[in-house]
Amino acid sequence: MLRLLGRVVAEAPGRPDGAGADHPMRKVTSQVAFEPDGWTPERAAKVAALFDDLAPTWNQRGTADRTEALDDALARGGPFLHQAPCLEAGCGTGLITPLLAEHFPVVIALDLAFEMLCRAPSDLPAPRVHGDSSRLPLPSASMGTVVLVNAFLFPSEVERVLLPGGALVWVNTLGDRTPIHLPAEAVDRALGGGWEGVGAEAGWGTWAVFRKPAAR
C-alpha cells in the first residue's frame, strides 16, 4: 500500500528536459521490473557499455538540485528506514554515496559499469563492488536498506537481500523526465503486494520508500 505525501520541497525553475516516454530506457526499465526474463546477458552488456562511455563526464551531474528528492526521502521516509547495512545499487561514480554515509553506518556501493567505479574518489566512504543488480553478490536477508537512484528495479533481488522489515528507497531525480523512470505506483505493483510505502514529489524529482513485510 502506497501513501502519497504533499510536496514540501518546491520545484526550482530550469528543470532539464531529460527524457520523454519514448526514451529507450523507459521500455527497459519497465521490462526488467515486470518481466523476469526482461534482463538478458546481451542487454546487460549493452547497458554496461553505455554507462562506461558516460563515465568520464558523470561527475558533472552532481548538482544540489539532483539530491533534493533523496534528501526528502531520507527525511520523511525515515520511519521506514532500517539502520542495518545500506546497499546503493547503481552508484555510478559515487556522487550520492557520501550523503548516504551520513545516514547509514555501513554503505556498499555497487555498479554494473566498471568505468564508473574506477572514477569514484579513492576516499569514497563505502566499498565499491562491480556487480549486476539482477544477481546481487550479497547473501539473502543481509541488507537493511536498498537505495536505487535512477537505477533499474529488480524486485525479486531487492526482496531477497533485504532483511524482514527492511526498506527500498526509490528516487527519480528528474521525476517523469528521468530516463530510468517508474512512477511510485508502478514500483508498488512490481514489488507484488504487502509492502507499505510513502512517496512524494520533491524539487525536480520524485521518491518513494517501501518497507518489506516483517513476515517475509
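Because the structure is predicted, anything quoted here is derived from the model rather than measured.

About the thresholds
Residues numbered from 1 in each chain as written. Predicted model: local features only at pLDDT ≥ 70, side-chain atom pairs only at ≥ 80, totals over all residues. Heavy atoms only, no water. Phe/Tyr/Trp six-rings, centres within 6.5 Å; stacked < 30°, edge-to-face > 60°. Helix = DSSP H or I, 4+ residues; strand = E, 2+ residues; numbered from the N terminus. Buried < 20%, exposed > 50% of the residue type's maximum accessible area, 1.4 Å probe, protein only. Polar contact = N/O pair within 3.5 Å; in protein donor to acceptor, adjacent residues only side chain to side chain. Contact = heavy atoms within 4.5 Å. Salt bridge = Lys/Arg side-chain N within 4 Å of Asp/Glu carboxyl O. Axes fitted to C-alpha atoms, helices over the stretch in contact; angles between N-to-C directions. Parallel < 35°, antiparallel > 145°, perpendicular 65-115°, else oblique. Left-handed = near helix turned anticlockwise from the far one by under 90°.

Inspection of the entire model under this criterion finds three aromatic pairs. Ring centres 5.5 Å apart and planes at 55° place the aromatic pair tryptophan 39 and phenylalanine 152 in the tilted group. Taken together, the residues tryptophan 39 in the loop between α1 (24-34) and α2 (41-54) and phenylalanine 152 in the loop between β5 (143-149) and α6 (155-161) connect sequence positions 113 residues apart. Phenylalanine 152 shares its class with tryptophan 39; the two are buried. Plain terms: the ring middles of phenylalanine 51 and tryptophan 58 are 5.8 Å apart, the flat faces sit at 75° to each other, and that makes the pair edge-to-face. In this pair, the class of phenylalanine 51 matches that of tryptophan 58, namely buried. Connected via pairs of aromatic rings, a cluster forms that spans Trp39, Phe152 and Phe154.

Mapped onto the fold, histidine 181 is located in the loop between β6 (162-172) and α7 (184-191). Of the polar contacts made by the side chain of histidine 181, one reaches the backbone oxygen of glycine 175; its length is 3.2 Å. Once residues within four sequence positions are removed from consideration, histidine 181 is found in contact with Arg26, Thr29, Trp170, Asn172, Gly175 and Asp176.

This part covers the environment of valine 198. Assignment of secondary structure puts valine 198 in strand β7 (residues 196-202). Valine 198 sits 193 residues away from leucine 5 along the chain, and the two C-alpha atoms are 6.8 Å apart.

What follows concerns the pattern of salt bridges. Tallying each qualifying case throughout the model produces eight salt bridges. The closest approach of N and O atoms between glutamate 115 and arginine 119, which form a salt bridge, is 3.9 Å. The exposure class assigned to arginine 119 is partly exposed, which follows from its relative accessible area of 39%. In this structure, glutamate 196 and arginine 211 form a salt bridge, with 3.0 Å as the shortest nitrogen-oxygen distance. You can see glutamate 196 sitting in strand β7 and its partner arginine 211 sitting in strand β8 (residues 205-211), a full 15 residues away along the chain. Relative accessible area serves as the criterion here: at 36%, glutamate 196 is assigned to the partly exposed category.

The buried fraction of α7 is high, at six of eight residues. Among the residues of α7, those classed as buried are Ala184, Ala186, Val187, Asp188, Ala190 and Leu191. The secondary structure elements touched by the buried residues of α7 are β1 (2-4), α1, α6, β6 and β8.

Time to look at the packing of α1 against α2. Helix-helix packing: each pair is described by the crossing angle between the helix axes and the interaxial distance. Axis separation between α1 and α2 bottoms out at 13 Å; the angle between their running directions is 135°. Our classification of the angle between α1 and α2 gives oblique. The hand of the α1/α2 crossing is left-handed. On the side of α1, the interface is formed by Met25, Val28 and Gln31, while α2 contributes Arg43, Val47, Leu50 and Phe51.

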